[in-house]
Amino acid sequence: MMKICFEYILTMGTRNRFRGFILTLFIFQSFSLFSQSVREISTRDGLPQSFVSGLVQDDSSFVWMGTRNGLARFDGYQFRIFQHNPHDSTTLASNIIIWIRKDDHNNLWIEHEAGEIDEMNPVTEKIIHYLKGNLPDTNSIQFVRRGWMVDEEGIFWGVMRGAGLNNYNVKNKTYQHFTKINSALPSDTVRGLVEILHQGIWILSQQGISLFDKKSNRFTHWQIPFIQDFGNFPESDAIAVDLHLRRNGELMWGDRKSLFFFNPKNY
């Protein structure tokens, strides 16, 4: 591109030659700004491990990174590391983190490889061991990796592999299981979920999108008029997708080929 612009200047008249020169300077400046904006952060800078499994920014602009050797907080200059201590129950449940998400109250939710979920206040740095699921015990709460959320009331929602989804109230230990049979879900293959305050819980399945009303404890369903291609990974946990709430109120998600948008106001 730079060579083309240089030849372009040589073949132009005096008046247009100045414009071409300005264009070339702009391109050079753009390349310079781009190169200055890219920064590589690695273990040499203090990152506890090179495999980063989760990345969120809290309301104070700190960047939190989940790794397979603990949790790192980055302020733009240096790291603060949080790791599991077997002799201290107030530390992380483990060092092997597979996902992080932030809720509307600025709390961090940390998923560990063994099925533990921690809640962390990024301001006070207090850690609460919220849930331990996916245990061999049949009474254990089951959910796929990255396929869960904690709603406004502190209730856990988890996507189950090919079996709908469940919710669990940690305080009173009550459990609900929703499927195609008992709740008319469009499909038992649930892909993602997200909460919209004052609306309810939105559930994305293979064939439709559903809204759960907490007051009535019922679903409303809308069929998706497109074929979604998430691939077939029967032996993998890579079946949950991020159902993202945009600032304009739309829900957005993606499969292997397309991006989908759904407007909760006009459906």
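A.B. asks: Go over the overall build of the protein chain, please, and point to the residues and values.
C.D. replies: Check the secondary structure of the protein chain and you find 3 helices and 19 strands. When the 267 residues of the protein chain are sorted by exposure, 42% land in the buried category. Considering only residue pairs separated by 6 or more positions, the protein chain has 39% of its internal contacts joining residues 24 or more positions apart. Summed over its atoms, the accessible surface of the protein chain is roughly 16300 Å², and 53% of this surface lies on carbon and sulfur atoms.

A.B. asks: I'd like a rundown of the packing of aromatic side chains, residues and numbers included.
C.D. replies: Across all of its chains, the model carries 18 aromatic pairs by this definition. When the centroid spacing of 5.2 Å and the interplanar angle of 65° are considered together, the rings of Trp157 and Phe212 count as edge-to-face. In this pair, Trp157 sits in strand β10 (residues 155–159) while Phe212 sits in strand β15 (residues 208–213), placing the two residues 55 residues apart along the sequence. Residue class for Trp157 comes out buried when judged on its relative accessible area of 1%. When the ring of Trp222 is compared with that of Tyr267, the centres are 4.4 Å apart and the planes differ by 15°; the resulting orientation is stacked. Here Trp222, found in strand β16 (residues 218–223), pairs with Tyr267, found in the segment after β19 (259–262); they are 45 residues apart in sequence, far enough to count as distant. Taken together, the aromatic side chains of Trp99, Phe143, Trp148 and Phe156 make up a single cluster linked through ring pairs.

Reading the values: rules and limits
Counting from 1, residues in each chain are numbered in the order their sequence is written. Thresholds applied to this predicted model are a pLDDT of at least 70 for local features of residues and 80 or more for the giving and counting of side-chain atom pairs; totals over whole chains, interfaces and linings are not thresholded and use all residues. Derived side-chain values reflect all non-hydrogen atoms in the structure, with water molecules and hydrogen atoms excluded from consideration. Numbering of helices and strands runs from the N terminus, with a helix taken as a DSSP run of H or I at least four residues long and a strand as a DSSP run of E at least two residues long. Throughout this description, buried means an accessible area under 20% of the type-specific maximum (1.4 Å probe, protein chains only), exposed means over 50%, and partly exposed covers the range between. What makes two residues a contact is simply this: any of their non-hydrogen atoms within 4.5 Å. The Shrake-Rupley method, run with a 1.4 Å probe, gives the accessible areas here. Residue values count only the displayed protein chains as cover. Stacked, tilted and edge-to-face pairs are distinguished by plane angle, under 30 degrees for stacked and over 60 for edge-to-face with tilted covering the rest, among Phe, Tyr and Trp rings (Trp via its six-membered ring) whose centres lie within 6.5 Å.

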